[in-house]
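Below are the chains, spelled out letter by letter.
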Amino acid sequence: MTCLTGVGADSVHLVFRSLSLALAGVARSPSPSPNNPAGPPLLRPRDTQALLAFQDPPMEKSELELDPQQCDYHVDRQILNEQALEETGQRSRSPKSFRCTPPRCSKAIAWATLQRFLPILSWLPQYPAREWLLGDLLSGLSVGIVQLPQGLAYALLAGLPPVYGLYSSFYPVFVYFLFGTSRHISVGAFAVLSVMVGSVTEALVPSDSFLGPGNSSVNVSARDAARVEVASALSLLVGVFQIGLGLIHFGFVVTYLSEPLVRGYTTAASVQVLVSQLKHVFGLDPEDYSGPLSMIYILLDILWKLPKSNVSTIIVALVASVLLLAMKMINQKLDKKLPVPLPAELIMLIGATAISFGVGLNHKFGVGIVGDIPAGLMLPRIPDHHLFKNLMGNAFAMAVVGFAIAISLGKIFGMKHGYEVDNNQELIALGLSNFVGGFFHCFPISSSMSRSLVQEGSGGNTQIAGAISSLLILIVIVKVGELFNHLPKAILAVIVIINLKGMFLQFSDIKSLWKSNRVDLLIWLVTFVATILLNLDIGLAVAVGFALISVIFRTQLPHYSILGQVPDTDIYRDVTEYKEAKEVPGVKIFSCSATLYFANAEFYRQALKEKIGLDVDFLISKKKKLIKRQTWNAKKLPKGKKQKKNNAQKVSLDSSRSTGVNVKIDEMETGNAMEDGNAAKSVVSEKGSSALTLETLGLPQPNFHTLILDLGTLNFVDTVCIKTLKNIIRDFQEVEVNVYLAGCHGTMITQFESGNFFGDSITKGHLFVSIHDAVTFALKKSGSRTVKTVVATRM
């Protein structure tokens, strides 16, 4: 692109050579204002005139093939500072009025509110049964078939009897069908939340508390009943937190869980799930551990007891793993040919149960089985409120994690199928699902990725598929559940482990993040390690805290640069990155990649000193020291003695030739001649300290006359930012350098005004709309200024 304007030209010229028609618009200049009778400064009638030259492109060349370098554009306008821009654009200074409109009640508003709270009322009356019903029916059956084994398996993760996994796959799913806004996610038992529940139940209800007489055996039924109480109370609390966050529109809380954090957390949770299932794979009974490092202790205990493993259980687990993986591979190979994927988990459940019952794996070979699964539904019961105080922290962590996973999947499917998922309503829907489930002996639930993919991939269009899957689970609970009494626990453990394949693949994030973003990699690793070592609840808190701290550090240590002009353009870039970008003579342009606020203000000042190569604080201290010494020398003279006018030799100083008149600092500091005192008194008393310039004092002068601060990255202004900018402008004015600000957004101007940034010494004339405006103004001011004669006394 060729631009016809250099920084010293009168205006910025932009020429388009795209079409052959020339347009010229002449904008009338604003009328004079009381503060500026002549109209806005530096504005003429042609300030907003745009000249566009057009040329018809060749017919054989597509518009998409146009190269930007084939197009120039030309804009002719005056330099604009903030004061001129406000008068030209007629900025409104009237404060915005916040009127509190009283709520109105009508049938339409009431119906809309009810539809927003109960989304099924908005989509069910318009449900296209002919197009969608068959797909939802097949999808619901497919999801139910997958949900049955997963519900049984994830109950073991939660430390509960398998039947409670079926309860958690029925009641919450039906509630979400009424209140959810996502049409494709499948809610129910989820591995990560199940292992979080298991860590709580095992910590609060350890098996050691239910040892029989003589510490011979554990009273399993009493222990399981106590753990169910804990899990139900936990589900109720999770629901309360999620409903509360949804009602106060706190759905944005999930934005603090970045993708690397969530993936690192779920990967660590999958490792904990794997470790928790090893006891069922090897047929061992390790000790129960809770709290930090509990997973390490459990793993060491399993390794210590490995010689006592049940060989039959290991064989069952290995055979089941091979068969399950083989069926999943068949599903992948024949994905396009099969109308519905093979229900691998269900086939495994039925086959393993039949073999276990026929062979007698439990009483002949000691293979652990599920045991009694009661038929029918249990009566609702209010959870024990005395447990709430011990579950608050874990419940909040589960509420956030469960919502984060569900909303992530919901947003993905919503974008794919073109509908909107309401964050706050999703919080309320999940909260009601967990809240109601707490009364029906359920543990906390969320959305499962594997089941959601099955629901969406098998033709599901709405949550009718979820309702059908919950009805299928209901049939199993009422009639079929007791048939799975002889199901080996090793089969359920294998189903859990095989379904973790997708989470284990997230270890590849380490390689990709190493290449793309090291900070995100650090967040991933810290989250993973903290979750492994400190358990799921504390690990999540550490991960979120570290992620927020990383944001603070990234704003504290941004990229600072000196900008130079790209030749023949009004574009300024970092001179270390762009070889052709050259610094403008006499002008330093300082840029920061982050906003300026209290956490990085000191780093900003320090980086400014280093980049421009000038220690302004040292120069100011030297100047003040010399002025103070000359003032002291002047006061030592007798009061009646008058200075003769011809004693002071006047020297004409040219600003471009400072070396010929510079005075050595050590000569000033001696001050042992009476003539020096008389001269100092003359300058200090008659001209004041402002007449003592760096040149007359013999101090080194900066090699630039203007400093421009690029504030285009500013997105908020605090008091420290205002104070820092004021100090920078004041300090550089002390060393005879003009400071201008460039690129501020309109909202930042309002915040500057609120913070009393503008005054007598700093006006809106110091603030320019772009860097190029500031550079052009600085060069014109420097070039048009007449050479002034500075009166000084030769020392």
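Source: prediction; values computed, not measured.

Asks: Looking at this model, I keep getting lost on the overall build of the protein. Mind explaining?
Replies: Each helix and strand counted, the protein has 29 helices and twelve strands in total. Counting all 795 residues of the protein, 48% fall into the buried class. Put simply, of all contacts in the protein between residues at least 6 apart along the chain, 83% involve residues at least 24 apart.

Asks: Looking at this structure, how should I read the packing of helix α8 (residues 220–247) against helix α14 (residues 392–417)?
Replies: Packed helices, taken two at a time, are described by the angle between their axes plus the distance between the axes. The N-to-C vectors of α8 and α14 enclose an angle of 60°; their axes lie 8 Å apart at closest approach. One element, α8, and the other, α14, form an angle in the oblique class. Note on packing geometry: the crossing formed by α8 with α14 is right-handed. Residue-level inspection shows Leu234, Leu237, Val238, Phe241, Gln242 and Leu245 of α8 in contact with α14, the latter providing Met392, Asn394, Ala395, Phe396, Met398, Ala399 and Phe403. When the residues that make up the contact of α8 with α14 are grouped by side-chain class, the tally is eleven nonpolar, two polar and no charged.

Asks: Help me understand the side chain of asparagine 434, please; the structure alone is not making it clear to me.
Replies: Among the structural elements, asparagine 434 can be located in helix α15 (residues 423–439). Classification of asparagine 434 by relative accessible area gives buried; the value is 0%. Contacts of asparagine 434, omitting those with residues within four sequence positions, involve Ser235, Leu236, Val238, Gly239, Gln242, Phe443, Pro444 and Ile445.

Asks: Sorry if this is basic, but what is going on with the environment of asparagine 390 here?
Replies: Within the element layout of this structure, asparagine 390 appears in the loop between α13 (361–365) and α14. A relative accessible area of 45% means that asparagine 390 is categorised as partly exposed.

Asks: I'm lost on the sheet that holds strand β8 (residues 572–574) in this one. Help?
Replies: Strand pairing within a sheet occurs via backbone hydrogen bonds; the two strands may be parallel or antiparallel. Strand order in the open sheet formed by six strands is β8-β7-β9-β10-β11-β12, with mixed pairing between adjacent strands. What marks the edges here is a single partner per strand, and that holds for β8 and β12 (767–768). Here strand β10 (residues 706–710) runs beside strand β11 (residues 738–742); their pairing, made up of five bridges, is parallel. In the strand pairing of β11, threonine 706 is matched with asparagine 738.

Asks: Help me understand the pairing of strand β7 (residues 560–565), please; the structure alone is not making it clear to me.
Replies: The side chains of a regular strand alternate, first on one face of the sheet and then on the other. Across the six residues that make up β7, a large majority, six, are buried. On β7, burial covers both faces: Tyr560, Ile562 and Gly564 on one face and Ser561, Leu563 and Gln565 on the other are all buried. Inspection of the sheet shows β7 paired to strand β9 (residues 587–592) by three bridges, in the antiparallel sense. Its bridge partner lying in β9, tyrosine 560 is registered against cysteine 592.

Asks: It is not clear to me how the packing of aromatic side chains should be interpreted in this structure. Could you clarify?
Replies: Aromatic rings considered in pairs are described by the distance between their centres and by the relative angle of their planes. On inspection of all chains with the given rule, the structure shows 25 aromatic pairs. With centroids separated by 5.6 Å and ring planes inclined at 75°, the aromatic side chains of phenylalanine 507 and phenylalanine 528 adopt a geometry described as edge-to-face. Of this pair, phenylalanine 507 sits in the loop between α19 (501–504) and α20 (509–516) while phenylalanine 528 sits in helix α21 (residues 518–556); the two residues are 21 residues apart in sequence, bridging distant segments of the chain. Summarising the aromatic geometry, the rings of phenylalanine 752 and phenylalanine 758 are spaced 6.3 Å apart at their centres and angled 70° between planes, so their arrangement reads as edge-to-face.

Asks: I keep staring at the pairing of β10 and nothing clicks. Help me out?
Replies: The buried fraction of β10 is high, at five of five residues. Because side chains alternate across β10, one face comprises the buried residues Thr706, Ile708 and Asp710, and the other comprises Leu707 and Leu709, equally buried. Relative to β10, β9 runs parallel, the two sharing five bridges. Looking at the pairing, phenylalanine 590 lines up with leucine 709 of β10. In this fold, β10 hands off to helix α27 (residues 719–734), which returns the chain to β11; that crossover is right-handed.

Asks: Looking at this structure, I do not really get unusual backbone geometry. What am I missing?
Replies: Leave glycine aside and you will find that most residues have negative phi; peptide bonds, for their part, are mostly trans. Phi at histidine 441 takes a positive value of approximately 65°, unusual for a residue other than glycine. With respect to the helices, strands and loops of the structure, histidine 441 is situated in the loop between α15 and β6 (446–448). Non-glycine residue asparagine 756 carries a positive phi angle of around 55°. The residue asparagine 756 is located in the loop between α28 (746–754) and β12 in this model.

Analysis parameters
- Residues numbered from 1 in each chain as written.
- Predicted model: local features only at pLDDT ≥ 70, side-chain atom pairs only at ≥ 80, totals over all residues.
- Heavy atoms only, no water.
- Helix = DSSP H or I, 4+ residues; strand = E, 2+ residues; numbered from the N terminus.
- Buried < 20%, exposed > 50% of the residue type's maximum accessible area, 1.4 Å probe, protein only.
- Contact = heavy atoms within 4.5 Å.
- Axes fitted to C-alpha atoms, helices over the stretch in contact; angles between N-to-C directions.
- Parallel < 35°, antiparallel > 145°, perpendicular 65-115°, else oblique.
- Left-handed = near helix turned anticlockwise from the far one by under 90°.
- Nonpolar A, V, L, I, M, F, W, Y, C, P; charged D, E, K, R; others polar.
- Pairing = 2+ DSSP bridges.
- Phe/Tyr/Trp six-rings, centres within 6.5 Å; stacked < 30°, edge-to-face > 60°.
- Right-handed = clockwise from strand over helix to strand, strands pointing away.

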